[in-house]
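# Structural description and commentary
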Amino acid sequence: FMIIHAVGNLHVFLGPDDFNGYGYFYVRLYWTGFGFHANIVEEYILLAAVLHVVIALKRTWDISINYTVASGKLNLAISGIT
């Protein structure tokens, strides 16, 4: 994601027509396999964000399964959910 985004930002230095063409390419990229009204790049970013949250919650649960709320060790996990 970072490499593609960085290369895309380099289009700024190639002039306004090239940068607008780059934007037009992403507007036309509305092939999707999941039925959402979003392009495949947006779906990939959404999937990455959802997986990030799920894995973080799972790891927090696994690490702190024996802690009580009164111990204060779950404050970050609880504040992240609320």
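Residues numbered from 1 in each chain as written. Predicted model: local features only at pLDDT ≥ 70, side-chain atom pairs only at ≥ 80, totals over all residues. Heavy atoms only, no water.

## Side note on the overall build of the protein chain
Here is the rule: Only DSSP runs of H or I reaching four residues or more are called helices, and only runs of E reaching two or more are called strands; each is numbered from the N terminus. Residues are treated as being in contact if the distance between any of their heavy atoms lies within 4.5 Å. Accessibility throughout is a Shrake-Rupley quantity obtained with a 1.4 Å probe, and a residue counts as covered only by protein chains that appear here.
Scanning the protein chain from N- to C-terminus turns up four helices and zero strands. The order of α-helices and β-strands along the protein chain, N terminus first, is α-α-α-α. In the protein chain, once contacts between residues fewer than 6 apart in sequence are set aside, the share between residues at least 24 apart is 9%. Carbon and sulfur atoms provide 71% of the accessible area of the protein chain, an area that totals close to 7100 Å².

## Notes on the packing of aromatic side chains
Definition in use: Within 6.5 Å between ring centres, the rings of Phe, Tyr and Trp (the latter by its six-membered ring) count as paired, and their orientation is classed by plane angle as stacked under 30 degrees, edge-to-face over 60, tilted in between. Throughout, exposure labels follow a simple rule: accessible area from a 1.4 Å probe, protein chains only, divided by the maximum for the residue type, with under 20% read as buried, over 50% as exposed, and the rest as partly exposed.
In total, this model carries one aromatic pair according to the counting rule given. Judged by centre distance (6.4 Å) and plane angle (35°), the ring pair of Phe19 and Tyr22 falls under tilted. With a gap of three residues between them, Phe19 and Tyr22 both fall in helix α2 (residues 16-27), about one helical turn apart. Accessibility expressed as a relative area gives 35% for Phe19, which makes it partly exposed.

## Comments concerning the pattern of salt bridges
For clarity, the cut-off: Every case where a carboxyl oxygen of Asp or Glu lies within 4 Å of a side-chain nitrogen of Lys or Arg is listed as a salt bridge.
Tallying each qualifying case throughout the model produces one salt bridge. One salt bridge in this structure joins Asp62 and Lys58, with 2.7 Å as the shortest N-O distance. Taken together, the residues Asp62 and Lys58, both in helix α3 (residues 40-63) and four residues apart, mark about one turn of the helix. A relative accessible area of 46% means that Lys58 is categorised as partly exposed.

## Describing a nonpolar patch on the surface
Worth spelling out the cut-off: Patch membership is restricted to residues that have no salt bridge and whose relative accessible area is over 30%. Joining uses 9 Å for like charges and 5 Å for the nonpolar side chains Val, Leu, Ile, Met, Phe, Trp and Tyr.
A contiguous nonpolar patch, built from Ile3, Val7, Leu10, Val12, Phe13 and Phe19 and spanning about 650 Å² of accessible area, is present on the exposed surface. Residue Ile3 is classed as exposed on the basis of its relative accessible area of 68%.

## Concerning the confidence of the model for the protein chain
Atomic detail in the predicted coordinates should be set aside for any region of low pLDDT. For clarity, the threshold we go by: Note on scores: pLDDT gives the predictor's confidence for each residue, bounded by 0 and 100.
Here the protein chain shows a mean pLDDT of 77. Residues at 70 or above account for 72%. At the low end of the mean pLDDT range in the protein chain sits helix α4 (residues 75-81), at 66; at the high end sits α3, at 86.

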